[in-house]
Amino acid sequence: MATAVKEMKTVTAATKSPYFHPLDQLSADEVVHVSHIVRSAKSQMNFVFNTITLKEPPKHIMMSFLGWDKSKPRVMHVEREALVIILEKPTMKVYECVVSLDTEKIKSWQYVPDVQPILTMDEMFEVEELVVKDESVRAECAELGITDMSQVFSDPWAIARHVNYPGRSKRMMQALMYMRTCEEDNQYAHPLDFVPIIDLGTMKVVAIERIKPRDSKFTRPTIPQQKHNFLPEFIGEENYRKDVKPIIVQQPQGVSFTVRGNEIDWQKWNMRISMNYREGLVIHNVSYRDGNEVRPLFYRIALSEMVVPYADPNSPHHRKHAFDVGEYGLGLCTNSLTLGCDCLGSIYYFDACFNDHNGKPFHMPNAICLHEEDHGILYKHTDYRNGRAHTVRSRRLVISQIVTVANYDYGLYYYFYQDGTFEYEVKATGELNTHVLAEDESPGDYGVIVAPQINAQYHQHFFTMRIDPMIDGPNNSVVQVDTYRSPFPTGHKRNQYGNAFVYKPTLLKDTIEGQAHANFETSRFWKIINQDRIHPYTKEPVGWKIMSHSMAPFYPSEDSVVAERAPFAKKGLWVTPYDEKQMFAGGFYCNQSDGSDTVEAWANRERQSIVNRDIVLWFTFGLTHLPRVEDFPIMPVEYCSMMMKPTNFFMANPALDVPPTNKSINKSAHADADAKASSCCTSGSNKL
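Remember, it's a predicted structure, so these values are computed and weren't measured experimentally. Residue positions are given per chain, counting from 1 as you read along its sequence in written order. Thresholds applied to this predicted model are a pLDDT of at least 70 for local features of residues and 80 or more for the giving and counting of side-chain atom pairs; totals over whole chains, interfaces and linings are not thresholded and use all residues. Note that water and hydrogens are dropped before the side-chain values are worked out from all heavy atoms of the structure.

**Things to note about the overall build of the protein**
Next, step 1: Strands here mean DSSP runs of E at least two residues long; helices mean DSSP runs of H or I at least four residues long; both are numbered from the N terminus. Counting its regular elements, the protein contains 9 helices and 31 strands.
Next, step 2: In terms of overall size, the protein behaves like a compact globule, its C-alpha atoms giving a radius of gyration of 27 Å where 688 residues would be expected to give roughly 26 Å.
Next, step 3: For every residue, the accessible area (1.4 Å probe, protein chains only) is compared with the maximum for its type, and the residue is labelled buried under 20%, exposed over 50%, or partly exposed between those bounds. Split into buried and exposed, the 688 residues of the protein put 54% on the buried side.
Next, step 4: Here the accessible surface of atoms and residues is derived via Shrake-Rupley with a 1.4 Å probe, and residues count as covered only by protein chains that are part of the display. A total of about 30900 Å² of accessible surface is found on the protein, and carbon and sulfur atoms cover 52% of it.
Next, step 5: As used throughout, the charge tally considers Lys and Arg to be positive and Asp and Glu to be negative, leaving His and the chain termini uncounted. All charge positions are set by atom: Lys at NZ, Arg at CZ, Asp at CG, Glu at CD. Taken together, the 73 basic and 84 acidic charged side chains of the protein have centroids lying 7 Å from each other. Our radius of gyration is a C-alpha quantity, and the globule rule it is checked against amounts to 2.2 Å times the number of residues to the power 0.38.

**A closer look at the confidence of the model for the protein**
Next, step 1: In this model, the protein carries an average pLDDT of 94, and 95% of its residues clear a pLDDT of 70 or more.
Next, step 2: Counting contacts from residues 1-17, a segment whose pLDDT is below 50, to residues more than four positions away or on other chains yields 49 contacts. Along the chain, pLDDT gives the predictor's confidence residue by residue, from 0 to 100. Contacts were defined at the residue level, with two residues in contact if any of their heavy atoms lie within 4.5 Å.

**As for helix H4 (residues 135-143)**
Next, step 1: Along H4, the positions that sit buried rather than exposed are Val137, Glu140 and Cys141. Looking straight down H4, one finds that the buried residues subtend no more than 100° of arc, so they occupy a single side. Of the exposed residues in H4, the ones pointing more than 90 degrees away from its buried face are Glu135 and Glu143. An arc is given here, and it is the one of the directions from the helix axis to the C-beta atoms.

**Examining the sheet that holds strand E7 (residues 194-199)**
Next, step 1: We call two strands paired when DSSP finds no fewer than two bridges between them. Taken together, the 4 strands give an open sheet; going across it, the order is E5-E6-E7-E8, and neighbouring strands pair in antiparallel fashion. In the strand order of this sheet, the two ends are held by strand E5 (152-158) and strand E8 (204-210), each with one partner. Each strand of the sheet is rotated relative to its neighbour by a mean of 30°, with strand direction disregarded.
Next, step 2: Axis definition: a line fit to C-alpha positions, over the contact stretch in the case of helices; interaxial angles, taken between N-to-C directions, run 0 to 180 degrees. Together, E5, strand E6 (172-179), E7 and E8 form the strand contacts of helix H3 (residues 121-133), whose direction differs from that of E5 by roughly 135°.
Next, step 3: Packed onto the sheet, H4 meets E5, E6, E7 and E8 and runs at close to 30° relative to E8.

**Let's talk about the environment of Val282**
Next, step 1: Here Val282 shows up in strand E12 (residues 280-290).
Next, step 2: Sequence separation between Val282 and Ile198 is 84 residues; the distance between their C-alpha atoms is 33 Å.
Next, step 3: Setting aside residues no more than four positions away along its own chain, Val282 makes contact with Arg272, Ile273, Ser274, Asn276, Arg300, Ile301 and Ala302.

**Describing the pairing of strand E4 (residues 105-112)**
Next, step 1: Bridge count for strand E3 (residues 94-100) against E4 is 7 bridges, and the pairing is antiparallel. Looking at E4, one finds that Cys97 is bridged to Trp109.
Next, step 2: Counting the residues that bridge the hairpin from E3 to E4 gives 4 residues, and of these Glu104 lies at a positive phi of roughly 60°.

**Looking at the state of the cysteines**
Next, step 1: Whenever a pair of cysteine sulfur atoms sits within 2.5 Å, that pair is classed as a disulfide. Per the counting criterion, the structure on display carries 1 disulfide.
Next, step 2: Note that Cys343 is cross-linked by a disulfide to Cys369, the S-S spacing being 2.2 Å. Remark: Cys369 occurs in strand E16 (residues 361-383) and Cys343 occurs in the loop between helix H6 (324-328) and strand E15 (348-355); sequence separation between them is 26 residues.
Next, step 3: Look at Cys343 and you get buried, because its relative accessible area is 3%.
Next, step 4: We classify Cys369 as buried; its relative accessible area is 0%.

**Side note on unusual backbone geometry**
Next, step 1: The omega angle of the peptide bond from Lys89 to Pro90 is 0°, so this bond is cis rather than trans.
Next, step 2: Here Pro90 lies in the loop between strand E2 (81-88) and E3.
Next, step 3: In this structure, the amide linkage connecting Ser315 to the following residue, Pro316, adopts the cis form with an omega of 0°.
Next, step 4: Tracing the sequence through the fold places Pro316 in the loop between strand E13 (293-309) and strand E14 (321-322).
Next, step 5: A positive phi angle, close to 70°, is found at Glu184, a residue other than glycine.
Next, step 6: Secondary-structure assignment places Glu184 in the loop between E6 and E7.

**Notes on the pairing of strand E23 (residues 459-469)**
Next, step 1: E23 sits mainly inside the fold: 11 of its 11 residues count as buried.
Next, step 2: Judged by which residues are buried, E23 turns out to be covered on both faces: His459, His461, Phe463, Met465, Ile467 and Pro469 on one side and Gln460, Phe462, Thr464, Arg466 and Asp468 on the other are all buried.
Next, step 3: For E13 and E23, the ladder comprises 8 bridges, and the chain directions are antiparallel. Residue pairing in the sheet places Ala302 in a bridge with Arg466 of E23.
Next, step 4: Sheet topology note: the E23/strand E30 (residues 615-625) ladder contains 9 bridges and is antiparallel. When the bridges of E30 are listed, Thr464 appears paired with Thr620.

**Things to note about the packing of aromatic side chains**
Next, step 1: Two aromatic rings from Phe, Tyr or Trp, using only the six-membered ring of Trp, form a pair when their centres are within 6.5 Å; if the ring planes differ by under 30 degrees the pair is stacked, by over 60 it is edge-to-face, and anything between is tilted. Per the stated rule, a full pass over the model turns up 29 aromatic pairs.
Next, step 2: Here the aromatic rings of Tyr414 and Phe422 are separated by 6.0 Å at their centres, their planes lie at 45°, and the arrangement is tilted. Assigned by exposure class, Tyr414 and Phe422 land together as buried.
Next, step 3: One cation-aromatic arrangement involves Lys320 over Tyr310; the distance from NZ or CZ to the ring centre is 4.8 Å.
Next, step 4: To sit over a ring, a charge needs its Lys NZ or Arg CZ within 6 Å of the ring centre and within 35 degrees of the ring normal. Note that Lys427 overlies the ring of Tyr413, its terminal NZ or CZ placed 4.3 Å from the centroid.

**Describing the side chain of His357**
Next, step 1: Along the chain, His357 turns up in the loop between E15 and E16.
Next, step 2: Under the relative-accessibility criterion, His357 is labelled buried at 8%.
Next, step 3: A polar contact of 2.7 Å, which involves the side chain of His357, links it to the side chain of Thr120.
Next, step 4: Apart from the residues within four sequence positions on either side, His357 is in contact with Arg39, Val48, Phe49, Thr120, Asp122, Glu123 and Glu126. Any pair of nitrogen or oxygen atoms within 3.5 Å is treated as a polar contact; in protein, a donor-acceptor pairing is required on top of that, and neighbouring residues in sequence qualify only through side-chain atoms on both sides.

**Considering H3**
Next, step 1: Given a helix with a known number of residues, its expected span is that number minus one, times 1.5 Å. For H3, spanning 13 residues, the distance from its first C-alpha to its last is 19 Å, which sits close to the expected 18 Å at 1.5 Å a residue.
Next, step 2: Taken together, the buried positions of H3 are occupied by Met121, Asp122, Glu123, Met124, Val127, Leu130 and Val131.

**Focus on the sheet that holds strand E31 (residues 635-647)**
Next, step 1: Read across the open sheet, the 10 strands follow the order E15-E16-E17-E18-E19-E31-E28-E27-E24-E25; overall the sheet is antiparallel. The sheet is open, and its two edges are formed by E15 and strand E25 (501-507), each paired on a single side. On average, each strand axis in the sheet is tilted by 25° relative to the strand beside it, whichever way the strands run.
Next, step 2: As paired strands, strand E27 (residues 525-534) and strand E28 (residues 541-547) are joined by 6 bridges and run antiparallel to one another. Bridge assignment links Ile534 to a residue of E28, and that residue is Pro541.

Written out as C-alpha cells, the structure reads:
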C-alpha cells in the first residue's frame, strides 16, 4: 500500500558493531550480521526476511539500566538481540527467530501457525509488476479501452478478510486499480472498476472482482479522462499566486536542544528516540527536571495501531479498512524529509535503517526531523490599572516523521512544551481514495462526487497510542474525571442561584472499569496518578491528565468485520497491566487477523487490577472524514491530536522561568515602515 521509494545504501561489512544504547535500533552492519547468522544456520531452507528489527530488552532490566530501579545493583550491560520474522517459500509458513548479537547465535526458533506478518515494500513492488503483466488484468483493461499497460497502476492493499479466502493459510492482497494519461498524472482522477486478488505465495492473480454500478443503466462505467493535477508542471508557474512573500525562520545563536546519539535534552525535558519498521518514531524514557529532582514520566510512547474504515458496505469496499501500522508499517512507509519543505528552520535529522527480503539493509536518510518552533503566547497578563503587560512566548520541541501509505500521507508530530505539556498530533493529507462511477450513477449514502464520475467515500481515521507511564515511579493508577451540573435544584441551600457544578473523580480499579468512552457532555478526561506521592497543596496524588478534542465515535456495527478486527477503536481508553508481549492494540500479527489477539481480548480475558501497579494506557483518538470537493485533487491538512498535561504535579506554573522576548531578539518589525516604535513584551505603562 505504500509508495515510498527505497534508497539503497550498500553495506558489505559484517563486523560486530561499536557500542549502542540498548534502545538504539539495529544499524546497517547489524542487519547484515543478523541475516548472515540466520542464513548460515538455516542454509537448507528457502525463505525471505520479512522483518529484522531490534528486540527491545525487558522493561525490568531497562529500568535498572536507566537508573530508575534502585532496589538492586544497577544493570550495566544489556544483551543486544534481534527479532527476525521469516517467510518460508513457497508455503509462506511463518517462523520467529531471536538472534543474540552478543553471542552471535540463534537463541530461539519457532514455527508460528495461522498468522501473516506485515506486508513489505518488496511485496508491494512485486504485486505492482505482476498486475500489469497478468492476462486477466490486461483483458479487463482492454474491455475498458486501455491497451497501453504502461498507463495502468495499482495500489496494493491488505485484503482484510475475504469470504472466498477465509483464514490465514494463504498470504493474500488486493490491488486497487487506476490509470494515468501521462507521466506524473494523478491516477486517482482515473480509477478503474475492478480489483485483482493476489496470492503472494504463488505470486499469481487468482481472481478479478468487478465493481458493478448500483443505480445505473450501464453494466460498466467509462473511465474519466479529465485530468485533475496538483504538481507544479501541471499548475504552471505563471498561475501561482504572486503575493506570497517569504517567511524566514532562523536561530542565529543556534538551537536550544542538545543531541547525544539518540538522546535529546531540551528545556528540562530528557528523552530518547528510536525508529522501527512498524511503529515508526518511538519516544523512550521521558523525564522532566523539576528543580534539583529529575522526575520520571513515561517509559515508552508510540502509535500502536491505526485503522481507516470506509463506509460503503458494497463489495469490495467493505474490505477497505487499512491498519497502517500493523499491515504496512509506519517505519517502512516513512519519507525522507526535505529541508525547507517538510521542516522549517534549524533542523537536526536522524536517519533510519530497515531490511529487505534478502536480509540487506536499506537506508532512509532524514527519516526523523527535530527542531524548535514558536507556538504563540505561552502566557500573558495586562494590569488594566496601569497598562503594564507581561508576555512570554511559547516554543515547542518538534520530533516528527511523515509517512505515505498509498494515497494518504500522514505527518506524525510529537510536541514537548515549556510548561510540561506533551502533545501528539496527526496531520492527514495526501489524496482521496477514489472509486469510479458510471455516467448516471450516484454515490448513494456513502460518498460524494468530487469531480465528474469520481466518488470519494466516507471514512474514519482512528489512532491508538500505547502509553507506558512511570509518573514519579513505575506504579501508577488512572482516575476518570467527569463534570456535572449540581444535583441540587436552584433555590436549594447548596445551589441557591443555580450556578453550581461539580467534578467527580472515579478511580478505575480493574481492566473492566478501565474501558471507557469519551463523553463530551461531562467534559471527560483521565488522569494518570501516583498514589504514593501526594501533592502538599491539594492533598491528592500527583498526576498527568490525558485528553483529546478529537475523539470520534466508531460508526461501523459492533459485529462488523472491522469492529472484530479493530475493537481498540470502539472505546477511547483501555487500561491494562503491563505485559511485554502486548505491544500492538490490534495484535502482533494483525494482517488478515480475526481479532482474537487485541487489547479488547486482553482486557476481558480476566478481571485484573490496574490500581497502583505497572500499567499501560491505550488511548484512541481520530476523525470522521466526509470528503469535500475541496479535498480533491489533493487534501489540505486535516488535524487531530491528543495531549497530556501535568495536573497538580508541580508546585506552580513550571514555565515561570521562561524569559520574555522582545523585538530586538526575535527581529520583529512593523509591516508599516512609518509605524511608531513599540515597547518590549514586558512593558511599562500604556495607560490611556
